[in-house]
Amino acid sequence: MSRYEGPLLTRETATALLSARAAGTWTGSLDLGRSEDTVTLGDDDWLWRGQPQPYPGVLKDRTIYIRDGDDWMPAARYARSLIKLVPTPWGVPTFEIDGIKMLPTARESPLDDARRKVALVAPRGKVILDTCGGLGYFAACCLAAGVARIHSFEKNEDVLWLRSLNPWSPDPDAAHTGGRLQLQHADITAAITALPAASMDAVLHDPPRFGIAGELYAQAFYDQLARVLRPRGSLFHYTGSPNRLTSGRDVPREVARRLEKAGFRARPELDGVFATRR
């Protein structure tokens, strides 16, 4: 999937552009905080990297917009569900499916959150399985930490489309990745059966919540994770704490028990479970 190479607008950046029109120039970020540009503002359009851009109309809050022909459209799709890229105070976006936020952003950037979790498996020089790639923040942190190779899987085609729009998502084809990121559009529950035994040094497992993707919490899947992981290999499994307040259910503890049964030593860590293959 080709990557989007145009500017990205939020309501805040659009307001700043329009407010600066009389001054003739504006300096700020049009790629969600990755860099800054100085743009020339005319009466009818504005120039970004030498390319004329139309002024936007009224933009919605909590929405990122991309250039689509002569207009701006939300970075969102609606097929089976509404999926959209959502700005955060840190620039690095999250995404939502039917209004449910897929990444924690209450206290820090989703990239910083990913960095703490990735550090648990110490990726330098390792081969890592990234089961549910999402926007690719686990992969980005692994690449920055010197991973040897990361095999990343993402089932949802619309999530892959969001990745192609997001400047913070790593590009598998970029020269600086050196071919170390191998991203596949595939369901990991099926794809994992074709992976060789003991072929991974570590696993990062960040599934959707249990009610959406219960198969990714099943004993059969954990048995497969144990099969592809080398002895003493490590795993971080994001769980969050769903239903604890409403039903008293302890999903992290349930996950830890299933991982122990699959051949891991497991303990609660951060907002999930950290485990080591026996």
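Residues numbered from 1 in each chain as written. Predicted model: local features only at pLDDT ≥ 70, side-chain atom pairs only at ≥ 80, totals over all residues. Heavy atoms only, no water.

### A short note on helix 1 (residues 11-19)
Next, step 1: Inspection of helix 1 places Thr13, Ala14 and Leu17 among the buried residues, and these make up the whole buried set. Take helix 1 and look down its axis: the buried residues cluster within an arc of 100°, on one side only.
Next, step 2: Along its buried surface, helix 1 packs onto strand 1 (8-9), strand 2 (25-28), strand 3 (37-41) and strand 4 (45-48). (Buried < 20%, exposed > 50% of the residue type's maximum accessible area, 1.4 Å probe, protein only. Helix = DSSP H or I, 4+ residues; strand = E, 2+ residues; numbered from the N terminus. Arc of directions from axis to C-beta. Contact = heavy atoms within 4.5 Å.)

### What to know about the nonpolar core
Next, step 1: Counting residues in hydrophobic clusters, the biggest one holds 36 residues, and the most contacted among them are Phe95, Ile128, Tyr137, Leu162 and Leu204.
Next, step 2: For this core, the secondary-structure elements that each account for two or more residues are strand 9 (82-86), helix 2 (110-119), helix 3 (137-144), helix 4 (157-165) and strand 15 (200-205).
Next, step 3: With seven residues, the top contributor of residues to this core is helix 3.
Next, step 4: Counting contributing residues, this core receives three or more from each of domain 1 (8-74) and domain 2 (110-277). (Core = buried A, V, L, I, M, F, W, Y, C linked by side-chain atoms within 4.5 Å. Domains from an automatic or database assignment.)

### Overview of the domain arrangement of the chain
Next, step 1: For the chain, the domain assignment lists domain 1 (8-74) and domain 2 (110-277).
Next, step 2: The centre of domain 1, based on its C-alpha atoms, is set 36 Å off from the matching centre of domain 2.
Next, step 3: Across the boundary between the two partners, domain 1 contributes eight residues, which contact five residues of domain 2.
Next, step 4: Three residues, Leu32, Arg34 and Ile66, lead the burial of domain 1 against domain 2; their summed loss comes to 68% of the area buried on that side.
Next, step 5: Taken together, the connections running from domain 1 to domain 2 amount to zero salt bridges.
Next, step 6: Where domain 1 meets domain 2, there are one residue pair in polar contact (both at pLDDT 80 or more).
Next, step 7: Across the side of domain 1 that touches domain 2, the residue classes break down as five nonpolar, one polar and two charged. (Buried area = accessible area lost by both parts, 1.4 Å probe. Salt bridge = Lys/Arg side-chain N within 4 Å of Asp/Glu carboxyl O. Polar contact = N/O pair within 3.5 Å; in protein donor to acceptor, adjacent residues only side chain to side chain. Nonpolar A, V, L, I, M, F, W, Y, C, P; charged D, E, K, R; others polar.)

### Brief notes about unusual backbone geometry
A negative phi angle is the norm for most residues apart from glycine, just as the trans form is the norm for most peptide bonds.
Next, step 1: Residues other than glycine seldom take positive phi values, yet Arg232 does so here, at roughly 70°.
Next, step 2: Tracing the backbone through its elements, the reader meets Arg232 in strand 16 (residues 229-238).
Next, step 3: Backbone geometry places Leu270, a non-glycine residue, at a positive phi of 50°.
Next, step 4: Among the structural elements, Leu270 can be located in the loop between strand 17 (264-269) and strand 18 (272-277).
Next, step 5: Look at Leu270 and you get partly exposed, because its relative accessible area is 45%.

### Remarks on the layout of surface pockets
Next, step 1: In this structure, the largest pocket spans a volume of roughly 1,100 Å³.
Next, step 2: Contributing to the lining of the largest pocket are 49 residues, with Phe95, Ile97, Met102, Pro207 and Pro208 lying nearest its centre.
Next, step 3: Listing elements by their share of the lining of the largest pocket, those giving two or more residues are strand 10 (94-97), strand 11 (100-101), helix 2, helix 3, strand 13 (149-154) and helix 4.
Next, step 4: Here the lining of the largest pocket gets four residues from one element, more than from any other, and that element is helix 2.
Next, step 5: For the lining of the largest pocket, the residue count by class is 27 nonpolar, nine polar and 13 charged.
Next, step 6: Counted as a void, the second largest pocket has a volume near 580 Å³.
Next, step 7: Elements with a minimum of two residues in the lining of the second largest pocket: helix 2, helix 3 and helix 4.
Next, step 8: There are two domains that each give the lining of the second largest pocket at least three residues, and those are domain 1 (8-74) and domain 2 (110-277). (1 Å grid on protein atoms, 1.4 Å probe; cavity = no way out; pocket = protein on both sides within 12 Å on 5 of 7 lines; lining within 4 Å. Points joined across faces, edges and corners; volume = space filled by probe spheres on them.)

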